[in-house]
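# Structural description and commentary
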Amino acid sequence: MIERTPILNALTHLILITGLVLVLLPFAIVLAAATKDIQGVNQVPMSLVPGGHLIDNLAAAWDQAEFGPKLLNSLVVAIGVTAGKIVLAALTAFSIVFFRYRARMLVFWLIFTTLMLPLEVRIVPTYSIAANALSPFQSILAAIGLQVDLQWNLLNSYTGLILPLIATATGTFLYRQFFLTVPDELLEASKMDGAGAMRFFAEILMPLSRTNMLALAAILFVYSWNQYLWPLLVTTDQSFSTAVVELKRLIPNNQGGLPEWNIAMAGTLIVMIPPLLVVALMQRWFVRGLIATDK
C-alpha cells in the first residue's frame, strides 16, 4: 500500500529547494563577482547579473598568485594524502578485523577516539614532530643514557605536507565496517588455496572494496585540497606553498583605491575547479560506495 501524502511531499521538496539555494547562492555570488570589473564588484548591492570580464580577471588572478606551480603543489599534496589515508586505513582495518590479537579492539577504540582530536587541536605537537621527526627516538635514547643527535626536518617538503595528515580514524572505521561484512568462508577458501595474508588483502579485499575506496577517495581529496592551516605553518619556502594558501595574496589590502574583489573571486574559482571536477567525475562511484557493497 502506497500512502499519498501531498502535504508532506511538498514540505520535503521545499526543504530540499531551500537547502539547494543556500548551497548555490555563495557560488553564484563568487561567479558573478569574478565576471565584473572593479567598479561593478564594488557596487552596493552588487548585481548578480554576470559581467564580461571573467577571462581578464582569471588571467590577473593566475599571474598575481602564481597559480601554476601552486596548483601542482596542491595536486601532489591532495593525491599523496588521499592515497596515504586509503592505504593506511585499509591496512589498519584489515589488521583489526582479520588478525586475532588481544589488543585489537583497544587499538580500534584508541584510533576512533582521535576523531575528537582534529589537526587544529594537536597542531603544536605535530609541528614539533615535523620540525624533527626523529626527536621522539632521540628522547628515548637519551632516557637510557645514549646521547645521539638525530635530525629529520620535514618542513618545506612534500613529505612534511603529506605525512602528518595521512592518519584517518574515519577511513579506518569505514573499512572496518565493510570488512566485517566479508564472509569468513572467503578467508578460509583463500587459505586453502595457499594465499597469504597480504595476497588475500591485495587480490580479494581491495577489489571487493573498490566502490567504498573510490567514495572515500572523493571525500579525502576534497579534504586534502582545502587544507589551509597545516600548509601555511610548514611552508616558509614559497616553492612548496599550495593554491589555497596563496589565495591570501589576492585579498585586497584597501591601501588606496577600490578593492579588487573581482580578481580575488576569480582566484577562488580557479581553486574551486579541481575538487568540483573530482566530485563530478566520481559522483556515481561516490553514491554507490555509500549505499551499496560489491560482494
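Residues numbered from 1 in each chain as written. Predicted model: local features only at pLDDT ≥ 70, side-chain atom pairs only at ≥ 80, totals over all residues. Heavy atoms only, no water.

When you go through the chain residue by residue, the secondary structure sums to 16 helices and zero strands. Expected size for 295 residues packed as a compact globule is a radius of gyration near 19 Å; at 24 Å, the chain overshoots this value by more than 25%. When its C-alpha atoms are laid out on the principal axes, the chain stretches across 75 × 70 × 30 Å. Residues classed as buried in the chain amount to 35% of the 295 residues present. Counting only carbon and sulfur atoms, one obtains 69% of the accessible surface of the chain, whose full area is about 17600 Å². Counting 17 positive and 16 negative side-chain charges, the chain places the averaged centre of each group 10 Å from the other. (Helix = DSSP H or I, 4+ residues; strand = E, 2+ residues; numbered from the N terminus. Rg over C-alpha atoms; globule rule 2.2 N^0.38 Å. Buried < 20%, exposed > 50% of the residue type's maximum accessible area, 1.4 Å probe, protein only. Areas by Shrake-Rupley, 256 points an atom, 1.4 Å probe, with all protein chains shown as cover. Lys, Arg positive; Asp, Glu negative; His and termini not counted. Charge placed at Lys NZ, Arg CZ, Asp CG, Glu CD.)

Scanning the model with the defined rule gives 15 aromatic pairs in all. Their ring planes at 45° and their centres at 5.6 Å tell us that Tyr-175 and Phe-179 sit as a pair that is tilted. Linking Tyr-175 with Phe-179, this pair stays in helix H9 (residues 169-179), spanning four residues, or about one helical turn. Pair check on accessibility: Tyr-175 and Phe-179 agree, each one buried. Put simply, the rings of Phe-94, Phe-98, Phe-99, Tyr-175, Phe-178, Phe-179, Phe-200 and Phe-201 pair up and form one aromatic cluster. (Phe/Tyr/Trp six-rings, centres within 6.5 Å; stacked < 30°, edge-to-face > 60°.)

Before going further, it helps to spend a moment on the pattern of salt bridges. According to the stated counting rule, one finds five salt bridges in the structure shown. The partner of Lys-70 in a salt bridge is Glu-66, and the shortest N-O contact between them spans 3.6 Å. Look at Glu-66 and you get partly exposed, because its relative accessible area is 40%. In this structure, Arg-249 engages Glu-246 in a salt bridge whose closest nitrogen and oxygen atoms are separated by 2.6 Å. (Salt bridge = Lys/Arg side-chain N within 4 Å of Asp/Glu carboxyl O.)

What follows deals with unusual backbone geometry. Most peptide bonds take the trans configuration, and most residues that are not glycine carry a negative phi. Between Val-44 and the following residue, Pro-45, the backbone shows a cis peptide bond with an omega angle of -5°. Looking at the element boundaries, Pro-45 is found in the loop between helix H2 (38-41) and helix H3 (54-65). Of note, the phi angle at Glu-66 is positive, near 50°, even though the residue is not glycine. Positionally, Glu-66 belongs in the loop between H3 and helix H4 (67-98).

For the rest of this paragraph, the subject is helix H1 (residues 6-34). For H1, spanning 29 residues, the distance from its first C-alpha to its last is 41 Å, which sits close to the expected 42 Å at 1.5 Å a residue. Along H1, the helix axis deviates most sharply at Leu-24, where the bend reaches about 30°; the proline Pro-26 sits within four residues downstream. Those residues of H1 that sit buried are Val-30, Ala-32, Ala-33 and Ala-34. Looking at the buried positions of H1, the neighbouring elements they touch are H2, H3 and helix H15 (261-281). (Expected span 1.5 Å × (residues − 1). Bend = angle between axes of the 7 residues up to and from the residue. Contact = heavy atoms within 4.5 Å.)

The subject of this paragraph is the packing of H4 against helix H5 (residues 104-113). Axis separation between H4 and H5 bottoms out at 9 Å; the angle between their running directions is 145°. Here H4 runs over H5; the crossing is left-handed. Touching Thr-92, Ile-96 and Val-97 of H4 are Arg-104, Phe-108 and Ile-111, all from H5. Its residues assigned to classes, the contact of H4 with H5 shows four nonpolar, one polar and one charged. (Axes fitted to C-alpha atoms, helices over the stretch in contact; angles between N-to-C directions. Left-handed = near helix turned anticlockwise from the far one by under 90°. Nonpolar A, V, L, I, M, F, W, Y, C, P; charged D, E, K, R; others polar.)

A cluster of nonpolar side chains, namely Ile-17, Val-21, Leu-25, Ile-29 and Leu-48, defines an oily patch on the protein surface of about 430 Å² accessible area. Looking at the element boundaries, Leu-25 is found in helix H1. (Patch = residues over 30% accessible without salt bridge, like charges linked within 9 Å, V, L, I, M, F, W, Y side chains within 5 Å.)

On to the packing of H5 against H9. How two helices sit against one another is set out by the angle between their axes and by the gap between those axes. Packing of H5 against H9 leaves a shortest axis separation of 9 Å and a crossing angle of 135°. Relative to H9, the element H5 is oriented oblique. Residues Met-105, Phe-108, Ile-111 and Phe-112 of H5 touch H9, and the partners they reach there are Ala-169, Thr-172, Phe-173 and Arg-176. Residues of the contact of H5 with H9, tallied by class, amount to six nonpolar, one polar and one charged. (Parallel < 35°, antiparallel > 145°, perpendicular 65-115°, else oblique.)

Time to look at the UniProt feature "transmembrane region" (unreviewed entry) in the chain. The sites that carry the UniProt feature "transmembrane region" (unreviewed entry) are, in the present numbering, residues 12-34, 75-99, 106-124, 158-179, 200-223 and 263-282. As annotated, residues 75-99 has a helix share of 96% and a strand share of 0%, and its two end C-alpha atoms lie 35 Å apart. Overall, residues 263-282 shows 95% helix and 0% strand. The separation of its end C-alpha atoms is 30 Å. (UniProt positions renumbered as here; feature names shortened; annotations may be inferred.)

By size, the foremost hydrophobic cluster in this structure holds 44 residues, and its most contacted members are Phe-67, Phe-98, Tyr-175, Phe-179 and Leu-205. For this core, the elements supplying multiple residues, two or more each, are H1, H3, H4, H9, helix H11 (197-208), helix H12 (210-225), helix H14 (243-246) and H15. Of the residues forming this core, the biggest block, ten residues, is contributed by H4. With residues up to four places along the chain from it excluded, the contact list for Leu-205 reads Phe-94, Phe-98, Phe-179, Val-182 and Phe-200. In terms of nonpolar packing, the next biggest core, distinct from the first, is built from 13 residues, Ala-130, Ala-133, Ile-162 and Trp-230 among them. (Core = buried A, V, L, I, M, F, W, Y, C linked by side-chain atoms within 4.5 Å.)

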